[in-house]
Amino acid sequence: MLGLAVTPTIQMSLSKIDILKFVYQRLLDSGLLTLTLSKPLQLSFPTWYDLDQRCEYHGGVLGHSIKNCKSFMYQVQKLVSKGQIEFVKSGGTYHIVTSILSNDQ
Ligand SMILES: [Zn+2]
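Residues numbered from 1 in each chain as written. Predicted model: local features only at pLDDT ≥ 70, side-chain atom pairs only at ≥ 80, totals over all residues.

A. Expanded view of the overall build of the chain. In terms of helices and strands, the chain carries 3 helices and 4 strands. In the chain, the succession of helices and strands from N to C terminus is α-α-β-β-α-β-β. Taken over 105 residues, the chain has a buried fraction of 1%. Considering only contacts in the chain between residues 6 or more positions apart, those separated by 24 or more positions represent 2%. (Helix = DSSP H or I, 4+ residues; strand = E, 2+ residues; numbered from the N terminus. Buried ≥ 20, exposed ≤ 12 C-beta atoms within 10 Å, placed from the backbone. Contact = placed C-beta atoms within 7 Å.)

B. Quick peek at the confidence of the model for the chain. With 77% of its residues at a pLDDT of 70 or more, the chain shows a mean pLDDT of 78. Across the chain, the element-wise mean pLDDT spans from 51 in helix α1 (residues 8-13) up to 92 in strand β1 (residues 50-55). Overall, residues 101-105 carries pLDDT values under 50, and its contacts beyond four positions in sequence, including any with other chains, amount to 3 contacts. (pLDDT = per-residue confidence, 0-100.)

C. Highlighting helix α3 (residues 70-81). Over its 12 residues, α3 runs 16 Å from end to end, which matches the ideal 16 Å to within 8%, given 1.5 Å per residue. After α3 finishes, the residue G83 shows a positive phi value of roughly 80°. (Expected span 1.5 Å × (residues − 1).)

D. Quick peek at the environment of L28. On the secondary structure map, L28 appears in helix α2 (residues 16-30). Excluding its chain neighbours within four sequence positions, the residues that come into contact with L28 are L33 and L35.

E. Expanded view of α2. The terminal C-alpha atoms of α2 lie 21 Å apart, and with 15 residues this matches the ideal 21 Å at 1.5 Å per residue to within 8%. By the criterion of burial, α2 is predominantly exposed, with just 0 of the 15 residues buried. Following α2 by one or two positions, G31 adopts a phi angle in the positive range, close to 85°.

F. Inspection of the environment of L62 at higher detail. Inspection of the secondary structure puts L62 in strand β2 (residues 61-63). Note: C-alpha distance between L62 and Y49 (13 residues apart in sequence) is 8.4 Å. When sequence neighbours within four positions are dropped, the list of residues in contact with L62 reads L51 and R54.

Take a look at the structure:
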């Protein structure tokens, strides 16, 4: 039987976490428990995953921005390759020219 006395006065003034820390320290001091190290939690998120970023292309999903969105870049490249859009630099800025808006259709 463990002799873990917590006086009523102390119990009244300590929160549950303080009581647990007190019990833990007593168990550690008595040798009934030893320090147990664990590996830090390893999240399974990929290295590019960023909780502060949202991707407009993917409906605002968390984890990446449209700037880093490979799916979006792939779709844009596909449209360029098909000749459906073209980037034209004019006056220091880029404009997107789409065949949909042209007079060809
Ligand atoms: Zn995306």
